[in-house]
Amino acid sequence: MVKIFVEDREHEVEEGQNLLQAVLGLGCDLPYFCWHPALGSMGACRACAVKQFRDADDETGMIIMACMTPVSDGLRVSVDDPEAREFRTSILEWYMTNHPHDCPVCDEGGECHLQDMTVMSGHRDREYRFTKRTHRNQNLGPFINHEMNRCIACYRCVRFYRDLAGGADFNVFGSRNRVYFGRVADGALESPFSGNLVEVCPTGVFTDKSAKARTVRPWDLQTAPSVCMLCGLGCNTIPGERNGVLRRIRNRYHGEINRYFLCDRGRFGVEFVNSPRRIRHPVVRTGVASETAAAEAVVDHVAALVTGGETVGIGSTRASLEANFALRRLVGAENFFMGIGSDEADRLRSVMELLESGPARTPTLHEVARADAVLILGEDVTNTAPLLDLAVRRAVLNKPKEQARELGIPDWNDVVNRLVVNGRCGPLHIATVAPTALDRLATETVRAAPPDIARFAAAVAAIIAGETLGPDLPGPDADRAAGSAAATLTTAKRPLIISGMGSESRAVIEAAGRLARVVAAANPAAALSLVVPDCNSVGAGLLGAPGLGDAGTRDHLTAVIVLEPDPSTRERRAELAAVIDRASHTVVIDHLESPLSEAAEVVLPAATFAEGNGTVVNNEGRAQRFYQVFVPADEVRASWQWLRQVCRRVHGDDSAPWAGPDEMAESMSEEFPVLEPLGELAPEPPGGPSRRVPRQSHRVTGRTSVNAHRQIREPKPPEDHESPMAFSMEGSPRRPPADLIARYWSPGWNSVQALAMYQEEIGGSLRGGDPGVRVLGRRAGETDEAPDRTPDAFAPRNNEWLLVPLHHLYGSETLSMETPGVAEQAPPPYLALGVVDAGRLGVASGDTLEVTVDGETHRLPLRIIEDLPAGCAGLADGLPGLSDFPAGRWAGLRRSP
């Protein structure tokens, strides 16, 4: 710590930060534009000017830029000095000379950083009397709206997009006052993180195009803390609703997970909440007739089915812990199964064993970004866990930045750091089936079939352990790459291994675990990060239920209750169909209409993440609560609420005494001691139980007029008995605990930059600690080493190809495909072959192939991927029309006549 003086008052601040960070952390109001906590300083905007004094007797001082000044012991500055304030005011006037002043129609209005800084600087009038500079806006795709005339040239957008996110199709063009930020030509932005431009930009240059179609002022949105449901990382979000429609998703800061950013699928892929295919009413079908029934009558009907004979429950890896546990309580532990296929369940068990035994630490995303050597085994993280890609991009800069630190250059000095780094990357080794977006940063890449990726990991472990290198690696390059990876992991201070379920190979997961154990034995700082497909895959795994294959062995079932199913793969669909065929009655609880719900006898409308409360556990073993944003229309209820009612009918009120997730946490921890930390997820409102946290802003408007076409008086707000939040603008005036932050606002700070006022230190954890609680993966364990099940080397067949999964950010996740922009970005179905195999078949890209799997023949267009291993055929996972092709199976291929 060092002592500095601000307005002659002494403060202790953290050494190593710049002056802007320090004064913001002290609660001072100081304008800035180009600086961003995740991007560092470049000194381009000159808006953060302050007066520095040599000592207590100096009355003249000099103007300095706070973002480019390191704090030092005894530093004396003044933020409120009249000359510094006048300087900042003049800077704002220059920025506003060409601004269109379109705040009343700008989507950023009301949460615009430029508005805040203009008011904060005291600037009001300007003397510019000439024709304003104008730009032509671009079409940047379905997600981002472009309005270049609002730009103040802070360079944040290009620094994030190119330098941090690695995008290549966006840049800065022009010179002097005609600088332009955009693409060479119109077209959709290619980066999976392009949506962050909306929050990175301090003005309204980049705005949310989907929210623009449903214009609403930000202060009128009803919001609540939530968790992204579209992958297994558990990124924190703030959904916003108005008039029963989910309007947008914004980032919610979590110091250990997503921090300042979201991926585009998580930000934009939530239109399933507003989908016209939503199930809104309970349905009971008798014979071929279908009728909407009263909720209580349907509950009685389901209860009668459950009591009439043997019933099995099919849980879901994308439903909350509460919903899965309630279904388990209803049908009994022996009759509860997960809604995933047998092979997928085996892979999830392998992941759970590694998380529970801890062969190495399980890192948070923030810890991933601090690694100095990375080995990726079988996982295309850009498409299966996008924010992990962003963390790896930061990790590969750590080693080159060591030279800058040796030269005394602080991390926040972004311009000089990039001059020193000069495009160099630290050690990154990648072994995958197909090319990935991270390959251009990689030290070494290996292309191999999943069995050979497992053997590659075993070879790296053998070299580190000083054992003989195993034979049959895929070529001499793999031998050299294994030695290089072993040397990297051995010499690194914070080595990291990344793997997961994306390769659909249990052998790859187990090999990653054995390698992590070997590395961690020599270096306790070693970490193992495992990717899972769904938002609650780990949470479902904690309940210990078998997969669908075991459920399909039951005979003479009276009923089957299916919870929020995702039959997007052939394995899941076939094994679920086998269960349903054995049951006389089927009950489906789901959000959206589907062939399964249309064939079910009873359908119960389930609330989405925005309409109910619940808990999910992410890939690192962190349990997090998501809160209801708005009360759904019609008879939509959270899945666990439906199941609680049925359970009470069948087993009595004492079987399901829960009023909400807090009470359910107690029941879950009784049966599963590992879940005991869930009790920490119930923060007390800052004003006590009677002063709840408001979901609405204190600036919300139109409360009495929004329903004036239906009634004149204002209706009473809905009551929330399940959480410490209120559906109102009234509530505790004090700042809520981190778990309950529904928006970022502070006097004078209406934009997302107000986040700085909620942090312990700028860029650090939230005050009081980041949301959630770790139930797994907190430290390395001391369990016995797992048996070595290294598979045989991959052997291509003469007339068959192994189907291997290829993942896509847009298309491989089914719920997000309800968003038109996501569906527009998804590629058409295809089958991929390497150059050698395409030559063997005499086919070229665009040709149609006949694909025969298990005696069924389908036709697919061909895409040639140069590095795809011989004997493997890439199958675009999850795309419409491809769910009939099971990865891991062998297929016959021939050119379609």
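A quick note: this is a predicted structure, and the numbers were derived from the prediction, not measured. (Residues numbered from 1 in each chain as written. Predicted model: local features only at pLDDT ≥ 70, side-chain atom pairs only at ≥ 80, totals over all residues. Heavy atoms only, no water.)

Engineer: Help me understand the pairing of strand β22 (residues 527-531), please; the structure alone is not making it clear to me.
Structural biologist: Residues in a regular strand project their side chains so that they alternate between the two faces of the sheet. For β22, the tally of buried residues reaches 5 of 5 residues, placing the bulk of the element in the interior. Of the two faces of β22, the one carrying Ala527, Ser529 and Val531 and the one carrying Leu528 and Leu530 are both buried. Once you follow strand β21 (residues 495-500) into helix α18 (residues 506-522) and on to β22, the crossover reads as right-handed. (Buried < 20%, exposed > 50% of the residue type's maximum accessible area, 1.4 Å probe, protein only. Helix = DSSP H or I, 4+ residues; strand = E, 2+ residues; numbered from the N terminus. Right-handed = clockwise from strand over helix to strand, strands pointing away.)

Engineer: Help me understand the sheet that holds strand β27 (residues 622-626) in this model?
Structural biologist: Within a sheet, neighbouring strands are paired by backbone hydrogen bonds and run either parallel or antiparallel to one another. Ordered in space as β26-β27-β30, the 3 strands form an open sheet in which the pairing is antiparallel. Two strands lie at the open edges of the sheet, namely β26 (614-617) and β30 (773-774), each paired on one side alone. Pairing geometry for β27 and β30, over 2 bridges, is antiparallel. By the bridge assignment for β30, alanine 623 is matched with valine 773. (Pairing = 2+ DSSP bridges.)

Engineer: I'm lost on the environment of alanine 838 in this one. Help?
Structural biologist: In this fold, alanine 838 is placed in helix α26 (residues 835-841). Under the relative-accessibility criterion, alanine 838 is labelled buried at 2%. Excluding residues that lie within four positions of it along the chain, alanine 838 makes contacts with Leu833, Val843 and Ile864. (Contact = heavy atoms within 4.5 Å.)

Engineer: In this structure, what is going on with a negative patch on the surface? I would like to understand it.
Structural biologist: A contiguous patch of negative charge, built from Glu14, Glu15, Asp73, Glu760 and Glu761, is present on the exposed surface. By secondary structure assignment, the location of glutamate 761 is in the loop between β29 (725-726) and β30. (Patch = residues over 30% accessible without salt bridge, like charges linked within 9 Å, V, L, I, M, F, W, Y side chains within 5 Å. Areas by Shrake-Rupley, 256 points an atom, 1.4 Å probe, with all protein chains shown as cover. Salt bridge = Lys/Arg side-chain N within 4 Å of Asp/Glu carboxyl O. Lys, Arg positive; Asp, Glu negative; His and termini not counted. Charge placed at Lys NZ, Arg CZ, Asp CG, Glu CD.)

Engineer: So what exactly am I meant to see when it comes to the sheet that holds strand β31 (residues 800-806) here?
Structural biologist: Reading around the circumference, β31-β35-β32-β34-β33-β36 is the order of the 6 strands in this closed barrel, with mixed pairing throughout. Pairwise comparison of adjacent strand axes, ignoring direction, gives a mean angle of 45° for this sheet. Sheet topology places strand β32 (residues 831-833) next to strand β34 (residues 856-864); 3 bridges connect them, and they run parallel. Note that in β34 the partner of alanine 832 across the bridge is arginine 863. (Axes fitted to C-alpha atoms, helices over the stretch in contact; angles between N-to-C directions.)

Engineer: Even after reading the chapter, I still don't get the packing of helix α2 (residues 82-96) against helix α3 (residues 113-121), so can you show me in this structure?
Structural biologist: Viewed as axis vectors pointing N to C, α2 and α3 meet at an angle of 140°, and their least axial separation amounts to 9 Å. Here α2 is positioned oblique relative to α3, judged by the angle of their axes. You can see that α2 and α3 cross each other, and the crossing is left-handed. Along its contact with α2, which presents Arg85, Arg88, Thr89, Leu92 and Met96, the element α3 presents Leu114, Met117, Thr118, Met120 and Ser121. Tallied by class, residues from the contact of α2 with α3 come to 5 nonpolar, 3 polar and 2 charged. (Parallel < 35°, antiparallel > 145°, perpendicular 65-115°, else oblique. Left-handed = near helix turned anticlockwise from the far one by under 90°. Nonpolar A, V, L, I, M, F, W, Y, C, P; charged D, E, K, R; others polar.)

Engineer: Looking at this model, I keep getting lost on the side chain of serine 896. Mind explaining?
Structural biologist: The residue serine 896 is located in the segment after β36 (890-895) in this model. Judged by its relative accessible area of 17%, serine 896 falls in the buried class. Those residues within four positions of serine 896 in sequence are excluded, and the remaining contacts are Thr848, Leu849, Glu850 and Arg859.

Engineer: When you look at the packing of helix α9 (residues 321-331) against helix α23 (residues 639-651) in this model, what are you seeing that I'm missing?
Structural biologist: How two helices pack is summed up by the angle between their axes together with the distance between the axes. Two elements in contact, α9 and α23, have axes whose closest approach is 8 Å; the angle formed by their N-to-C orientations is 15°. Between α9 and α23, the angle is such that the two are roughly parallel. Judged by the sense of rotation from one axis to the other, the crossing of α9 with α23 is left-handed. Across from Glu322, Ala323, Ala326, Leu327, Arg329 and Leu330 in α9, the residues of α23 making contact are Ser639, Trp640, Leu643, Val646, Cys647, Val650 and His651. Within the contact of α9 with α23, the residues separate by chemical class into 9 nonpolar, 2 polar and 2 charged.

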